[in-house]
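# Structural characterization, general
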Amino acid sequence: MFRSVDEVAARLAETGYLASPAVATTVFLADRLGKPLLVEGPAGVGKTELAKAVAEVAGARLVRLQCYEGVDESRALYEWNHAKQLLRISAGRDESWDETRTDIFSEEFLLPRPLLTAIRGDDPKVLLIDETDKADVEVEGLLLEILSDFQVTVPELGTITATRRPFVVLTSNASRELSEALRRRCLFLHIGFPDEELERRIVRLKVPGLGVALAESVVRVVGALREMELRKVPSVAETIDWARTLLALGADTLDETVVRDTLGVLLKHQDDILRAAAKLDLDAV
């Protein structure tokens, strides 16, 4: 998809995703080496958006597996259409079981889920395995065959191998440690909070009506909040939401009243809001 690191940064920027040199370099290498990309970092820093931006740049279909506790093979890989199978069995009562079994365990009765969907067909795809750390450890076993050989084994049908490999992005908020076997199969990228300059550029891009001075003030205040001992510090997504909030309120500058009244956009816990209201000094940021 990409001929150089600079091209990665330029083309992602066209979609509205401003990539740091580290992000652009790792995306380029994942594409060039054909390796899955494991992206870790706090929530709201752009891990999922990176996969969406790559799909847009490549003109590829985004196939997303949203992980959660309890997700299993039938939700991640495939399952059989049992209702349709029962109808087929009822319609073929005069057939032998061998004839019926051959029919009901065929492609017509297969329901592909995201992992199987991503490796079938010749169209370009980006496979996003989102919040991998929220899935049970057993799910990682399903991923190993996919990420090693880009193939899936369906006992009734055999092994299905990708004719065109998808670009794979796995995201993790590091709520639990992923296995070494999974990590070995991936290139690793950590996305943290951006520096002030990059975050200002992101805010101005995402909230184009915001003035330069107010954008700088927003980023400085968010940076000060991140240095406090809070349960959940604001991420880039909250910075953008706050900037949009200030624009909607018609604020030209930040004062104590505006900040106090809108802290709930940045912080999601009452004790964090109280701590920030008590400690934040606008004259010092």
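Residues numbered from 1 in each chain as written. Predicted model: local features only at pLDDT ≥ 70, side-chain atom pairs only at ≥ 80, totals over all residues. Heavy atoms only, no water.

Right, let's talk about the overall build of the chain for a bit. Check the secondary structure of the chain and you find 14 helices and nine strands. A compact globule built from 285 residues would reach a C-alpha radius of gyration of about 19 Å, whereas the chain, at 24 Å, exceeds it by more than 25%. Principal axes of the C-alpha set define a box for the chain whose edges measure 85 × 45 × 35 Å. By the burial criterion, 46% of the 285 residues in the chain qualify as buried. For the chain, the share of sequence-separated contacts (at least 6 apart) that also reach a separation of at least 24 residues comes to 73%. For the chain, the computed accessible surface area is about 14400 Å², with 50% contributed by carbon and sulfur atoms. The centroid of the 36 positive side-chain charges in the chain is displaced by 2 Å from the centroid of its 48 negative side-chain charges. (Helix = DSSP H or I, 4+ residues; strand = E, 2+ residues; numbered from the N terminus. Rg over C-alpha atoms; globule rule 2.2 N^0.38 Å. Buried < 20%, exposed > 50% of the residue type's maximum accessible area, 1.4 Å probe, protein only. Contact = heavy atoms within 4.5 Å. Areas by Shrake-Rupley, 256 points an atom, 1.4 Å probe, with all protein chains shown as cover. Lys, Arg positive; Asp, Glu negative; His and termini not counted. Charge placed at Lys NZ, Arg CZ, Asp CG, Glu CD.)

Right, let's get into helix 11 (residues 212–226). Taking 1.5 Å of rise per residue, the 15 residues of helix 11 would be expected to cover 21 Å, and the 21 Å separating its terminal C-alpha atoms lies within 8% of that figure. Buried within helix 11 are the following residues: Leu214, Ala215, Ser217, Val218, Val219, Val221, Val222, Ala224, Leu225 and Arg226. Here the buried face of helix 11 lies against helix 10 (196–206), helix 12 (236–249), helix 13 (256–266) and helix 14 (270–279). (Expected span 1.5 Å × (residues − 1).)

Attention now moves to the sheet that holds strand 5 (residues 125–130). Strand pairing in a sheet takes place through backbone hydrogen bonds and is either antiparallel or parallel in direction. The five strands are arranged 2-5-8-1-9 in an open sheet whose pairing can be described as parallel. Two strands lie at the open edges of the sheet, namely strand 2 (61–66) and strand 9 (187–190), each paired on one side alone. Looking at each pair of strands side by side, their axes are set apart by 20° on average, direction ignored. Bridge analysis of strand 1 (residues 37–40) against strand 8 (residues 167–172) gives four bridges, and the strand direction is parallel. Looking across to strand 8, one finds that Leu38 is bridged to Leu170. (Pairing = 2+ DSSP bridges. Axes fitted to C-alpha atoms, helices over the stretch in contact; angles between N-to-C directions.)

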